[in-house]
Amino acid sequence: QVQVVESGGGLVQPGGSLRLSCQASGNVFGLNLMGWYRQTPGNQREWVADVLKSGTKNYADSAKGRFTISADRAKNTVYLQMNSLKPEDTAVYYCKTIIFSAGNNHAYWGQGTQVTVSS
């Protein structure tokens with residue numbers, strides 16, 4: 001069993017910053033990827049950024065230059081530092097982990113954390 005818990009969301013003014021955290025716990029041996037997605041009402045979940053076991057980081061165009069993903073592998077934790085936030089960044093942000101076990105990749109999601117960018 002794997003648990004994924006996000007934290008760090010909140011209300012911030014345009015141009016401000018927030019840092020999201022996500023920790024995976026339980027049977028996380030074989031953890032291959034941790035990443036962030038976001039979703040607004042009526043829309044599909046959108047990929048934001050991820051970091052692979054190798055340390056390779058990937059970003060959506062909307063995140064490049066403003067968001068930074070980092071990981072503390074010892075803590076099975078991933079962070080998303082979000083700077084220069086815009087109202088269009090308002091969404092529920094979800095953490096996704098992929099763990100390889102029993103010959104397959106398994107995806108686990110957190111419950112989401114709300115980010116609201118508004119003056």
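Here's what I pulled together on the structure shown here. (Residues numbered from 1 in each chain as written. Predicted model: local features only at pLDDT ≥ 70, side-chain atom pairs only at ≥ 80, totals over all residues. Heavy atoms only, no water.)

### Description of unusual backbone geometry
The phi dihedral of S84 is positive, around 50°, even though this residue is not glycine. Among the structural elements, S84 can be located in the loop between β8 (77–82) and β9 (91–101). Of note, the phi angle at A102 is positive, near 50°, even though the residue is not glycine. Among the secondary structure elements, A102 is positioned in the loop between β9 and β10 (104–109). (Helix = DSSP H or I, 4+ residues; strand = E, 2+ residues; numbered from the N terminus.)

### Re the pattern of salt bridges
Evaluation of the coordinates by the stated rule reveals four salt bridges. R38 is paired through a salt bridge with D89; the nearest N and O atoms lie 2.9 Å apart. Separated by 51 residues along the polypeptide, R38 in strand β4 (residues 31–39) and D89 in the loop between β8 and β9 bring together distant segments of the chain. Residue classification places R38 among the buried residues on the basis of a relative accessible area of 7%. Salt-bridge contacts for D61 lead to K64; the nearest nitrogen and oxygen are separated by 3.2 Å. Connected through shared salt-bridge partners, R38, E46, R66 and D89 make up one network. (Salt bridge = Lys/Arg side-chain N within 4 Å of Asp/Glu carboxyl O. Buried < 20%, exposed > 50% of the residue type's maximum accessible area, 1.4 Å probe, protein only.)

### A word on the sheet that holds strand β3 (residues 18–26)
If you trace the four strands from one edge of the open sheet to the other, you get β1-β3-β8-β7, paired in antiparallel fashion. Taken across any chain shown, the strands that pair with only one partner, and hence form the sheet edges, are β1 (2–7) and β7 (67–72). Across the sheet, the axes of successive neighbouring strands diverge by a mean angle of 15°, strand direction being ignored. The pairing of β7 with β8 spans six bridges and is classified as antiparallel. In the sheet register, D72 faces β8, and the bridge partner there is T77. (Pairing = 2+ DSSP bridges. Axes fitted to C-alpha atoms, helices over the stretch in contact; angles between N-to-C directions.)

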